[in-house]
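Structure assessment
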Amino acid sequence: MTVPADLPAPGPMWHRWATLAAALTALGFDDTWTVDETGAHHDDGGGNWSHLTLIEAGRAVLYGYDHEYSDTTYEEPPIDLLADAPEWVPWDDLLRHAGQDQLGYALWYDDGHWSRAAYPEGVNDGLTATAGPVLTDEAARAELIGIVFEWGKHPADTPTERARIATVADRLLHRFDEESLQALLDDLPTFDAYAGHAVARRAGLLPGTVVPVSAEGTRPPRRTVRKLSETEHDRLIWSAMHTEPERNRPAPVPTGELGALVTWLRTHAPAGDGRCSLLAYADNTTVSARHGNHPPADNPDEGSLGTFRDLSTLIRNLRQAEADDAYGSWLFVRIETTAAEVTVERFYDSWPSWWEDNGRSGPWRSHLRAEIDGRSQEWKPSWAGLLLPEVAYRPVE
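Quick look at the structure, then. Because the structure is a prediction, the values reported are computed rather than measured.

1. Thoughts on the overall build of the chain
- Per the secondary structure count, the chain includes 11 helices and 13 strands.
- Here the C-alpha atoms of the chain give a radius of gyration of 29 Å, more than 25% beyond the 21 Å that 2.2 N^0.38 yields for 397 residues.
- Overall, the chain is about 90 × 55 × 35 Å in size when its C-alpha atoms are taken along their principal axes.
- Each of the 397 residues in the chain was classed as buried or not, and the buried ones make up 47%.
- In the chain, the proportion of contacts linking residues at least 24 apart, taken out of those at least 6 apart, comes to 66%.
- Just so you have it, the chain exposes about 19300 Å², and 50% of that area is on carbon and sulfur atoms.
- Side chains of the chain carry 34 positive and 63 negative charges; the gap between the two charge centres is 4 Å.

Take a look at the structure:
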């Protein structure tokens, strides 16, 4: 299902985009707002971007992604932004970004109006965050003023000078010409107007130049789309871990690392009587610990941060010492000490009942996969196959 989108026509957006690109390139910043034969692109350097491609027959496509604001990428259930996209959109590029979970919005322009896939009201797609400066003349003017005074370090930031720059910016946004670009940049410490002119020529803004237009795309006969969101995929694995039986493994040979951890726990017994509890999860990358009945007392000299740092090191050392080439390393460990005894529970395959599950956070799939891939086949849990990325996708034609 598609819905109409309230956006300006591609022509004005392209002009604003190219004007920003020309001004910034003249100042030596040629990788933020750009234009070339593939279209107009914006990249803020932090993983957020937008792209406008003009297509034959007066069509256009606007698409992009913002890692903070494109909630459409992680919506539950997943949104197929390309479900009803027309045949002529740039499928190769769109599918590449969608396959990397970096497509927050995709809109197409045809027959005088914009359309996009429908998604729940209130779900942010990141469009305004990434392409906002080209959506109106007012926004583009503000961006140009910022380019002059912030990027260009204009030496005279006064109301009068800002008013003059705003007037020149309006002129450029109405009709780009070399003289107006020169007037915009004239008082800046350094700039290269010819570099800006080259951008304008490439964008088709100057007389005798042509706006670059891309050929129509081709819809693939088959593609894959998400059937599970990232969170749903995680929950599928965590649920399977809860019901997985532990395989019988030989108990690890007692090591000095276990002795060091037990000694540390006894000396950090909260009541000073040797009773201490450790509940921990660990993999090759992360360590986390939770309170048991007798949580370790904080290091009096360094506080809770120092206590956790020391404990994390001991947990890592123990896990590494007890690792086996065939059946791998444990993921969860529970250690209870008294002054005279110690009890150790290790879980290699399952999620123990004593490790609280809040339904929102758990072991990262990539960390679990690194652990499970290192085990011999006979020691892999039944949920190992759920770690594969393709589990979260389904084919569509």
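Having put the structure on the table, let's press on.
2. Topic: helix α9 (residues 256-267)
- In a regular helix each residue adds 1.5 Å, so 12 residues correspond to 16 Å; α9 covers 16 Å between its end C-alpha atoms and thus fits that length.
- Within α9, the full set of buried residues consists of L258, L261, V262, W264 and L265. Taken end-on, α9 shows its buried residues confined to a sector of 160°, consistent with a single buried face. The outward face of α9, more than 90 degrees from its buried face, is lined by the exposed residues G256 and T267.
- Buried residues in α9 make contact with β9 (276-282), α10 (303-322), β11 (332-337) and β12 (342-347).

3. What about the packing of aromatic side chains?
- This model, assessed by the stated rule, comprises 12 aromatic pairs.
- Centroid distance W354 to W355: 6.4 Å. Interplanar angle 80°. Geometry classified as edge-to-face. No difference in accessibility class separates W354 from W355, as the two residues are buried.
- Through a chain of ring-to-ring contacts, three or more aromatic side chains come together here, namely W238, Y281, F332, F347, W351, W354 and W355.
- A cation sits over an aromatic face here: R116 above Y119, 4.0 Å from the ring centre.
- Directly above the ring of F149 sits R162, whose terminal nitrogen or CZ lies 4.3 Å from the centroid.

4. Focus on the sheet that holds strand β6 (residues 105-110)
- Strand order in the open sheet made by the seven strands is β1-β7-β6-β5-β4-β3-β2, with antiparallel pairing throughout. Two strands bound the open sheet, and with one partner strand each, they are β1 (2-5) and β2 (33-36). The mean angle between the axes of side-by-side strands here comes to 20°, regardless of whether they run parallel or antiparallel.
- Relative to β2, helix α1 (residues 10-26) is tilted by about 110°, and along the sheet it contacts β2, β3 (39-43), β4 (49-55), β5 (59-65), β6 and β7 (113-117).

5. Quick word on the nonpolar core
- If you look at the biggest cluster of nonpolar residues, it comprises 51 residues, and the most contacted ones within it are L52, L62, L107, W114, L144, F176 and L184.
- Among the elements that make up this core, the one with the highest residue count is α1 (10 residues).
- If we skip the residues at most four places from it in the chain, L144 touches T19, L20, A23, A169, L173 and L184.
- With 21 residues, the next largest nonpolar core counts L265, A282, V287 and I335 among its residues.

About the criteria used
- Residues numbered from 1 in each chain as written.
- Predicted model: local features only at pLDDT ≥ 70, side-chain atom pairs only at ≥ 80, totals over all residues.
- Heavy atoms only, no water.
- Helix = DSSP H or I, 4+ residues; strand = E, 2+ residues; numbered from the N terminus.
- Rg over C-alpha atoms; globule rule 2.2 N^0.38 Å.
- Buried < 20%, exposed > 50% of the residue type's maximum accessible area, 1.4 Å probe, protein only.
- Contact = heavy atoms within 4.5 Å.
- Areas by Shrake-Rupley, 256 points an atom, 1.4 Å probe, with all protein chains shown as cover.
- Lys, Arg positive; Asp, Glu negative; His and termini not counted.
- Charge placed at Lys NZ, Arg CZ, Asp CG, Glu CD.
- Expected span 1.5 Å × (residues − 1).
- Arc of directions from axis to C-beta.
- Phe/Tyr/Trp six-rings, centres within 6.5 Å; stacked < 30°, edge-to-face > 60°.
- Lys NZ or Arg CZ within 6 Å of the ring centre and 35° of its normal.
- Pairing = 2+ DSSP bridges.
- Axes fitted to C-alpha atoms, helices over the stretch in contact; angles between N-to-C directions.
- Core = buried A, V, L, I, M, F, W, Y, C linked by side-chain atoms within 4.5 Å.

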